[in-house]
Amino acid sequence: MTREEFEELVAEALDRIPPELTRLMDNVAVFVEDEPPTEDPELLGLYEGTPLTDRGEWYAGVLPDRITIYRNPTLRICETREDVVEETEITVVHEIAHHFGIDDERLHALGYG
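Residues numbered from 1 in each chain as written. Predicted model: local features only at pLDDT ≥ 70, side-chain atom pairs only at ≥ 80, totals over all residues. Heavy atoms only, no water.

1. With respect to the overall build of the protein
Using the following cut-off: Going along the chain from the N terminus, every DSSP run of H or I of four or more residues is numbered as a helix, and every run of E of two or more is numbered as a strand. Two things to know: the radius of gyration comes from C-alpha atoms, and the globule rule equals 2.2 Å times the number of residues to the power 0.38. Note on contacts: a residue pair qualifies if any of its non-hydrogen atoms lie within 4.5 Å across the two residues.
Helix and strand counts for the protein stand at 5 helices and 3 strands. Along the protein, helices (α) and strands (β) appear in the sequence α-α-β-β-β-α-α-α when read from the amino end. On C-alpha atoms alone, the protein measures out to a radius of gyration of 14 Å, which is about the 13 Å that the 2.2 N^0.38 rule sets for 113 residues. Projected onto the principal axes, the alpha-carbon positions of the protein cover approximately 45 × 30 × 30 Å. The long-range share in the protein, meaning contacts at least 24 apart out of those at least 6 apart in sequence, stands at 72%.

2. Some words on the pattern of salt bridges
Using the following cut-off: A side-chain nitrogen of Lys or Arg and a carboxyl oxygen of Asp or Glu constitute a salt bridge if their distance falls within 4 Å. Only protein chains enter the accessibility calculation, which uses a 1.4 Å probe; a residue whose area is less than 20% of its type maximum is buried, one above 50% is exposed, and one in between is partly exposed.
Counted under the stated rule, the structure contains 8 salt bridges. For the salt bridge of Arg-16 with Glu-89, the shortest nitrogen-to-oxygen distance reads 2.6 Å. Of this pair, Arg-16 sits in the loop between helix H1 (3-15) and helix H2 (19-22) while Glu-89 is found in helix H4 (residues 81-99), placing the two residues 73 residues apart along the sequence. On the basis of relative accessible area, Arg-16 is assigned to the partly exposed category, the value being 42%. Note that Arg-55 is salt-bridged to Asp-26, the shortest N-O span being 3.3 Å. Linking Arg-55 in the loop between strand E2 (45-48) and strand E3 (65-70) with Asp-26 in the loop between H2 and strand E1 (28-33), this pair joins segments that are 29 residues apart in sequence. A relative accessible area of 15% places Arg-55 in the buried class. Linked through salt bridges whose partners overlap, the residues forming this network are Arg-3, Glu-7, Asp-34 and Arg-71.

3. Description of the pairing of E2
To keep it simple, the criterion reads: At least two DSSP bridges between two strands are needed for those strands to be called paired.
Going residue by residue along E2, you find Gly-45 and Tyr-47 tucked away on one face and Leu-46 and Glu-48 left uncovered on the opposite face. Note: E2 against E3, 4 bridges, orientation antiparallel. Within E3, the residue paired with Tyr-47 across the bridge is Ile-67.

4. Notes on H4
Helical geometry: 3.6 residues make up each α-helical turn, so side chains three or four residues apart lie on a common side. Worth spelling out the cut-off: Here, expected helix span is obtained from the residue count minus one, scaled by 1.5 Å.
Helix length check: H4, at 19 residues, gives a terminal C-alpha distance of 27 Å against a target of 27 Å (1.5 Å per residue), a fit within 8%. Downstream of H4 by one or two residues, Gly-101 has phi in the positive range, about 90°.

5. Concerning the side chain of Thr-68
Here is the rule we go by: Between N or O atoms, a polar contact is any pair within 3.5 Å; within protein, one atom must be a potential hydrogen donor and the other a potential acceptor, and residues adjacent in sequence are included only when both atoms are from side chains.
When you line up the elements, Thr-68 lands in strand E3. Within polar-contact distance, the side chain of Thr-68 engages the side chain of Arg-66 at 3.3 Å. Contacts of Thr-68, omitting those with residues within four sequence positions, involve Phe-31, Glu-33, Leu-44, Gly-45, Leu-46 and Glu-48.

6. Side note on H1
A rise of 1.5 Å per residue sets the reference length of H1, with its 13 residues, at 18 Å; its end C-alpha atoms lie 18 Å apart and thus fit the reference within 8%. Of the surrounding secondary structure, the elements contacted by the buried residues of H1 are E1, E3, helix H3 (71-77) and H4.

Geometric descriptors of this kind do not, in isolation, establish any biological role.
What follows is the structure, given as structure tokens:
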């Protein structure tokens, strides 16, 4: 799968997030990279920033939170295009959930681990 096709899958996954939630997302940007950091080569996605639940009056003038979805690890664990679509959607939801302050334990319990 090409980078462009994968980026389109990420965009489609973002489009499936309910508008009620996307309206609440604040100061966050989503990126696609081919490979994760070398210290975690199997990482599918990463949220870097301050979750909405941790922001206070001090939160102003900061760079956007960053959600990165990693293409190659996703392609390595998926056997079919349908698997890639499903895994990409799960990863996008998982990382957006971190933006809302939901931790990994809760996400795993909800099936987004």
